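The residues making up each chain are set out below.
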Number of protein chains: 2
Amino acid sequence: MTTEANPAGQNASAQPHFPEESAWGGVEDNMGDPEEVRVIFSALDSFSQYAKVAHFNVTHLRRRSFYALPQAQWQMLAGPPFNFLETLDKADAAIDSNAELARAILQSGLQAFQGMVDGPGGGVADARMPHEWSGVAKHLDIDKARSTIRQFYRDWTADGARERGASYGPIMKALAEEKSKTASDTPYKVLVPGAGLGRLVFDLCHAGFEAEGNEISYHQLIASSFILNECQGPEQFTIYPWVHTFSNHLTRESHLRGYKVPDVHPATALAAAGPDRGVMTMCASDFLCLYGDDEHKEQYDSVACSFFLDTAPNLIRYLEVIKHCLRPGGVLVNVGPLLWHFENNAPGNHGNDDDGDGDHDYKNSSGIADPGSFELANDEVMALLTRLGFVVEWLKTGIEAPYIQDRDSMLQTTYRANAWLARKPIP
Amino acid sequence: MTTEANPAGQNASAQPHFPEESAWGGVEDNMGDPEEVRVIFSALDSFSQYAKVAHFNVTHLRRRSFYALPQAQWQMLAGPPFNFLETLDKADAAIDSNAELARAILQSGLQAFQGMVDGPGGGVADARMPHEWSGVAKHLDIDKARSTIRQFYRDWTADGARERGASYGPIMKALAEEKSKTASDTPYKVLVPGAGLGRLVFDLCHAGFEAEGNEISYHQLIASSFILNECQGPEQFTIYPWVHTFSNHLTRESHLRGYKVPDVHPATALAAAGPDRGVMTMCASDFLCLYGDDEHKEQYDSVACSFFLDTAPNLIRYLEVIKHCLRPGGVLVNVGPLLWHFENNAPGNHGNDDDGDGDHDYKNSSGIADPGSFELANDEVMALLTRLGFVVEWLKTGIEAPYIQDRDSMLQTTYRANAWLARKPIP
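Parameters and conventions
The numbers attached to residues start from 1 for each chain and follow its sequence in the written order. Here chains are named by letter from A upward and ligands by number from 1 upward, in the order in which they appear as written. Totals for whole chains, interfaces and linings use all residues, but because this is a predicted model, local features are given only for residues with pLDDT of at least 70 and pairs of side-chain atoms are given and counted only at 80 or more. The basis for the side-chain values is all heavy atoms of the structure; hydrogens and waters are excluded. UniProt positions are given in the numbering used here, feature names are shortened, and annotations may be inferred rather than shown by experiment. Working convention: axes come from line fits to C-alpha atoms, limited for helices to the stretch in contact. Angles between N-to-C directions cover 0 to 180 degrees. Helix and strand definitions here come from DSSP, where helices need a minimum of 4 consecutive H or I residues and strands a minimum of 2 consecutive E residues; each element is numbered from the N-terminal end. Orientation is classified from the angle alone, with under 35 degrees giving roughly parallel, over 145 giving roughly antiparallel, 65 to 115 giving roughly perpendicular, and any other angle giving oblique. Here a residue-residue contact requires only that any non-hydrogen atoms of the pair lie within 4.5 Å. When the copies are superposed, the least-squares fit takes in the C-alpha atoms of residues with a pLDDT of at least 70 in both. Each crossing is labelled by how the near helix is turned from the far one, with a counterclockwise turn of less than a right angle marking it left-handed and a clockwise turn marking it right-handed. Each residue gets one of three labels, nonpolar for Ala, Val, Leu, Ile, Met, Phe, Trp, Tyr, Cys and Pro, charged for Asp, Glu, Lys and Arg, and polar for the others, Gly among them. Residue exposure (1.4 Å probe, protein chains only): buried if accessible area is under 20% of the type maximum, exposed if over 50%, otherwise partly exposed. Multiplying 1.5 Å by the helix residue count minus one yields the expected span of that helix. Polar contact criterion, stated in full: a pair of N or O atoms within 3.5 Å, where within protein one must be able to donate a hydrogen and the other to accept it, and residues adjacent in sequence count only if both atoms are side-chain atoms. Two strands are said to pair when DSSP picks up at least two bridges between them. Crossovers are marked right-handed if the path from the first strand over the helix to the second runs clockwise, as seen with the strands pointing away from the viewer. As used in this record, nonpolar core signifies buried Ala, Val, Leu, Ile, Met, Phe, Trp, Tyr and Cys residues forming a set joined through side-chain atoms within 4.5 Å. In this analysis, rings of Phe, Tyr and Trp, with Trp reduced to its six-membered ring, are considered paired at centre separations within 6.5 Å, and the interplanar angle assigns stacked below 30 degrees, edge-to-face beyond 60, and tilted for intermediate values.

As recorded in an unreviewed UniProt entry, chain A goes by carnosine N-methyltransferase and comes from Cordyceps militaris. Taken directly from UniProt, the Sequence similarities (unreviewed entry) text for chain A runs: "Belongs to the carnosine N-methyltransferase family."

Caption draft 1: Summary view of the packing of helix 2 (residues 34–67) of chain B against helix 5 (residues 139–156) of chain B. Residues and elements named next belong to chain B. Interaxial distance between helix 2 and helix 5 falls to 8 Å at its minimum, and their mutual angle equals 75°. By the angle class used here, helix 2 and helix 5 are roughly perpendicular. Counting all contacts with helix 2, which are made through Ser42, Ser46, Phe47, Gln49, Tyr50 and Val53, the residues of helix 5 involved are Asp141, Ile142, Ala145, Arg146 and Thr148.

Caption draft 2: Up close: the relation of the copies chain B and chain A. The transform that puts chain B on chain A rotates by 180° and translates by 0.0 Å along the axis, for an RMSD of 0.0 Å. Classification of the inter-copy transformation places it as that of a two-fold axis. Residue Thr413 of chain B, judged by its C-alpha, is the member of chain B lying nearest the rotation axis, at 2.2 Å. When the interface residues of chain B are mapped onto chain A, 100% of them are again interface residues, pointing to one common binding face.

Caption draft 3: Representation of the packing of helix 5 of chain B against helix 8 (residues 218–229) of chain B within the structure. Residue and element names in this part refer to chain B. Relative orientation of the contacting elements helix 5 and helix 8 amounts to 40°, with a least axis distance of 10 Å. Between helix 5 and helix 8, the angle is such that the two are oblique. Crossing angle aside, the handedness with which helix 5 passes helix 8 is right-handed. Contacts from Asp141, Lys144, Ala145, Thr148, Gln151, Phe152 and Trp156 in helix 5 reach His219, Gln220, Ala223, Ile227 and Leu228 in helix 8. Residue classes in the contact of helix 5 with helix 8 are distributed as six nonpolar, four polar and two charged.

Caption draft 4: Summary view of the environment of Val331 of chain B. All names here are of chain B. With respect to the secondary-structure elements, Val331 resides in strand 8 (residues 326–336). Given the relative accessible area of 0%, Val331 is considered buried. Sequence separation between Val331 and Ala304 is 27 residues, and the spatial gap between their C-alpha atoms is 8.4 Å.

Caption draft 5: Broad picture of helix 8 (residues 218–229) of chain A. Residue and element names in this part refer to chain A. The end-to-end C-alpha distance of helix 8 is 16 Å, a good match for the 16 Å that 12 residues give at a rise of 1.5 Å each. Among all positions of helix 8, only Tyr218, His219, Gln220, Leu221, Ile222, Ala223, Ser224, Ser225, Phe226, Ile227, Leu228 and Asn229 are buried. At the N-terminal boundary of helix 8, the capping side chain belongs to Ser217, with an oxygen 3.2 Å from the backbone nitrogen of His219.

Caption draft 6: A look at the pairing of strand 3 (residues 210–215) of chain A. All names here are of chain A. Within strand 3, five of the six residues are buried, which leaves it mostly tucked inside the rest of the structure. Pairing of strand 2 (residues 189–193) with strand 3, which is carried by five bridges, proceeds in the parallel orientation. By the bridge assignment, Val192 is partnered in strand 3 with Gly213. Regarding topology, helix 7 (residues 199–206) serves as the crossover connection from strand 2 to the parallel strand 3, and that connection is right-handed. Summarising the sheet, strand 3 and strand 6 (residues 280–284) pair through five bridges and their orientation is parallel.

Caption draft 7: View of the nonpolar core. Core analysis: the biggest nonpolar cluster contains 124 residues, and Leu315 and Leu332 of chain A together with Phe152 and Leu175 of chain B have the highest contact counts within it. For this core, the element with the most residues is helix 4 (residues 84–118) of chain B, which contributes 15 residues. Phe152 of chain B has contacts with Leu101, Ile105, Thr157, Leu197, Ala223, Ile227, Ile239 and Val261 of chain B, leaving out every residue within four places of it along the chain. Judged by nonpolar contacts, the second largest core, of 122 residues, contains Val190, Ile399, Met410 and Leu421 of chain A.

Caption draft 8: Up close: the packing of aromatic side chains. A full pass over the atoms with the stated rule returns 40 aromatic pairs over all chains. Centre to centre, the rings of Tyr291 of chain A and Tyr300 of chain A are 6.0 Å apart; their planes meet at 65°, and the pair counts as edge-to-face. According to the relative accessible area criterion, Tyr300 of chain A is buried, its value standing at 3%. Centroid distance Phe287 of chain B to Tyr318 of chain B: 5.8 Å. Interplanar angle 65°. Geometry classified as edge-to-face. Taken together, the residues span a long stretch of sequence, with Phe287 of chain B in helix 11 (residues 287–291) and Tyr318 of chain B in helix 12 (residues 315–325) at a distance of 31 residues.

Next up, the structure:
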């Protein structure tokens, strides 16, 4: 169930490299489940459809609305200094550039998963969407493909360093202090739930931690697997994260700004770090289902959450599982706002309790889809940590943390995140 | 078509007071149009439905999700320090308080419009939604009722002064300078398109301008008519603008903060201003349809736009109409971002041109619903002003302008608005 990153890059013999030796074992086990297969291929198909849908929404509809203007008006706007039709051509080119990354992610995912459908052994070098799955992605899937492309701005561009500094910085600093208290020859194991595109996992590994990322979204998993394991070098792609909206731009240059991806080549960087680097794994699962079992009990020195805890419909369960898999004396480090993801979309079968005892059955859990949800204010979250047996050592509020924010936009959305550290006591 | 505010409050003889002498004349003319009647009663019904829908979405669904938790969990959260069920009770009380304002707006609107349906003479003191229109409001209408209630935070609370200062402040300052250049015994006429809840119109009138507000949304028109003309005194209501979402709160007190409405009683304040105050009118119409005609040519010394220009599908038409109704030497003053409202929702019958000549027919225009749209960056907007014959005298960028923003929230959304002044030259 884990994807092991290849820190040696071209030197594929140093460690097993995806996809020759499949790293999607746990997922492979589920490929008999038709629903799981549908979710995977919907994610793959959404990357395949990104370009077509973006060209339609961003430029085709705009050309139509433009030519619906009175002729004298569109002719004026077509000329200098407006050059609106050239702007649409540049937007098309920017979407095509984004689509190169989308297609690379798709290829990587197809090679991993097509073989699982067709039989063992992995896919071919130039895999295509299987006919029966072409066009299966729904509107929401394609939205996720677009937001995944945009998310590379945050995790894998030089310009995104500011966002990473705000969100990952306090975590890296706290964990460095924790690690310094332990024996230097012992691996310090960090679990990162909601690992997304894997940058925090990579940064931790690069800094010498043994870092395990966990992620439930196949869009993110397929994209992170590509960038961590298969990308050929730094700045291989250029993304245009702001091209999809025409609002709030001061200048057209600002709207059509491109960013090189990735800012660092993971394999090269980890190889250069040499023996000081840690081991890196990425893991596809529902966090609640995987880490609550006996096998994961007290296995981690730290759990590091960036913009993750508020994805919980039920924060009690998240915190219980985190406490379960932390060793005594281990720490939960958190940075993020409280944007409760399920607040208008409560999961599960409300109030339906299969065995009728009104209690949660861990052995028969559907993980994040279990019924029940609630949303706390920050002071209540801190009280809950204490109630569940954590010791809160520090809390910092008001961290200015943008999230995929064009810093030149006339609309600035910035989280005032909290950072805190809570320790599982030694009995 | 104009609603004249009653600056004398209880002294109803000083000026005609809505609704005894109906101020909705222009609207009355349209009451034979079944579509117009449907839009009006959908807006009225949405205020009637606000409480029921808010109770359902905010607290009923949460109670259901809460009791779906394992019993030990919900019992813990029901006790101190969480008291989650008390929080839901407080949220219900806050919604009820919001609903008092919604019902007052509804009563005001029903008295104006019910009589128009039933016959001349206005409604009764305790009017009810006509049976045939009850329940006609759609989801989007009810959303608008909720956002209109929230909008009172911006326009009619003491705490909202910060937002008003950022958005209306530069306009008030620029217009005071313009007015000081004219003869003191001549009324200085300002048109405010997109007047919303009427606060900028009121502030201008209070400061001695002859101010005319224009608004297309019946939700806003009915609410502004109530607060300007019928509200009984300052702080008559308490609104809870943040109660509808449970995300990003530092404390529960912050989430459930109430604000008194209105911070000033319009009629009393205008009466106290005495002869120095101006005349105030509010006008229900599509800005493009009304102000482009011969009657409105060169009628205004200034057009003041706050968060309005980006509601244009076609900014050229907006600017042309503004220039048409400005006197030579008059000014367009603007504050706002460029959040193009129609960017993903282009209006009109794309490309359909009834008379086939490809040109806009002003005599057969459907106003804002005319086909064609485009979105410019700020530098292009400035170029367009020049191209259309305005002279841009100054531009200020980067004005921090929040819009119905809980300043204690862990999510801060702030516009970096532009302010500028463009003059229509004297030939």
